[in-house]
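Spelled out, the chains give:
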Amino acid sequence: MKKIGLSLCLVFSLGFLKAHEVSAEEIADIFYKLNAKEPKMKINHTKGFCAKGVFLPNPQAREDLDVPLLNEKEIPASVRYSLGGVAMDDKSKVRGMALKLENQNASWTMVMLNTEINFAKNPNEFAQFFEMRIPKNGKVDEARIKKLYEEVPSYKNFVAYTKTIGISSSVANTPYYSVHAFKFKDKKEKLLPARWKFVPKDGIKYLNPQELKQKDSNYLLSSFQQHLKTKPVEYQMYLVFANKNDATNDTTALWKGKHKELLVGTLKVEKYEGMGCNKDVYFPADLPKGVEAPTDPLFQIRNEVYGITFSRRQ
């Protein structure tokens, strides 16, 4: 495992981030410094479990979009549900879902959160968000964290947003969002910016304090397995197309008001697949023909960090 050198510590402590564009390697170092209990552990979205299912494209999406993968009647789907960071208690708030749709000719990897927005708009803010939590002389500088939460609009915005959502009762009642705005080709060869969301067919449900108190630290897996005894876990995938004034290159921007939406299809998660996928890596840049990458500053470096941390785990 690579260590953060004294120079890197000084970079952050002196506010050098404002003048220096942080690299993917530096971000990976920060994750390991903050979260690694052993050299080859997974240092983000550590706890998770795996599942299999199918994605059923909506015929209307085939008519509106020029995405050949969606011409299939049914696409095999691999799913990994996870918690944010290195949280090991399912009663934590941040959740993730990695989804891979794949046939013989194409694949599409989607890496999602249960929040519509991110906490950082660029690599420097992203790095600082985690770096400020690294203990110095055995203590986390809580005063500094509080100060940055008040001074950095991205952090302040995200904290306010997370207060509007609760802790979901199961993965079957959790929505998942792309955060980034991708570009989708329509039949006229025009690229349309849109975010996507996976809406649970059983509805979004949050636990009240009494219900939360009764849950154990592994209730997401047990509730998922119980759910599958009677029916699949299902989500409807929608594209949410950007309005004229929506920020499409800022993952911290919450799109407000009415938006045109398109039902892309239905994901049916049908089978628990154990823990094997916890060792895998999911690259958001794995896109099918007809879908192009976002233009925001975080997307490319996010893929680079995934590659670096995956290689360190080998």
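Residues numbered from 1 in each chain as written. Predicted model: local features only at pLDDT ≥ 70, side-chain atom pairs only at ≥ 80, totals over all residues. Heavy atoms only, no water.

> So what exactly am I meant to see when it comes to the packing of helix 5 (residues 142-151) against helix 6 (residues 153-162) here?
Two packed helices can be described by the angle between their axes and the distance between those axes. Taken N-terminus to C-terminus, the directions of helix 5 and helix 6 make an angle of 95°; their axes are 5 Å apart at the nearest point. It follows that helix 5 is roughly perpendicular to helix 6 by the angle criterion. Residues Leu148, Tyr149, Glu150 and Glu151 of helix 5 lie in contact with helix 6, whose contacting residues are Pro153, Tyr155, Lys156 and Val159. Taken together, the residues of the contact of helix 5 with helix 6 sort by class into five nonpolar, no polar and three charged. (Axes fitted to C-alpha atoms, helices over the stretch in contact; angles between N-to-C directions. Helix = DSSP H or I, 4+ residues; strand = E, 2+ residues; numbered from the N terminus. Parallel < 35°, antiparallel > 145°, perpendicular 65-115°, else oblique. Contact = heavy atoms within 4.5 Å. Nonpolar A, V, L, I, M, F, W, Y, C, P; charged D, E, K, R; others polar.)

> What am I meant to see in the nonpolar core here?
Counting 47 residues, the largest nonpolar core has Tyr81, Trp108, Trp196, Phe198, Tyr235 and Leu239 as the members making the most contacts within it. Of all hydrophobic cores here, the second largest spans 29 residues; its members include Ala24, Ala28, Ile43 and Met132. (Core = buried A, V, L, I, M, F, W, Y, C linked by side-chain atoms within 4.5 Å. Buried < 20%, exposed > 50% of the residue type's maximum accessible area, 1.4 Å probe, protein only.)

> Got a minute to help me understand the pattern of salt bridges in this structure?
Opposite charge on two side chains permits them to pair, given that their charged atoms come into close proximity. By the definition in use, this model includes 13 salt bridges. For Glu151, the salt bridge identified is with Lys147, shortest N-O distance 2.7 Å. A residue pair is termed a helical-turn pair when its members lie 3 or 4 positions apart in one helix, as Glu151 and Lys147 do in helix 5 at four residues. Given the relative accessible area of 48%, Glu151 is considered partly exposed. Ionic contacts of the salt-bridge type, sharing partners, join the residues Glu25, Asp29 and Arg312 into one network. (Salt bridge = Lys/Arg side-chain N within 4 Å of Asp/Glu carboxyl O.)

> Honestly, the packing of helix 2 (residues 24-35) against helix 4 (residues 123-131) in this entry has me stumped. Any pointers?
It is the contact of helix 2 with helix 4, at a shortest axis distance of 9 Å, that shows an interaxial angle of 15°. Between helix 2 and helix 4, the interaxial angle falls into the category roughly parallel. Both helix 2 and helix 4 take part in a crossing whose hand is left-handed. Where helix 2 approaches helix 4, its residues Ile27, Ile30, Phe31 and Leu34 are matched on the opposing element by Pro123, Phe126, Ala127, Phe130 and Glu131. When grouped by side-chain class, the residues that make up the contact of helix 2 with helix 4 number eight nonpolar, no polar and one charged. (Left-handed = near helix turned anticlockwise from the far one by under 90°.)

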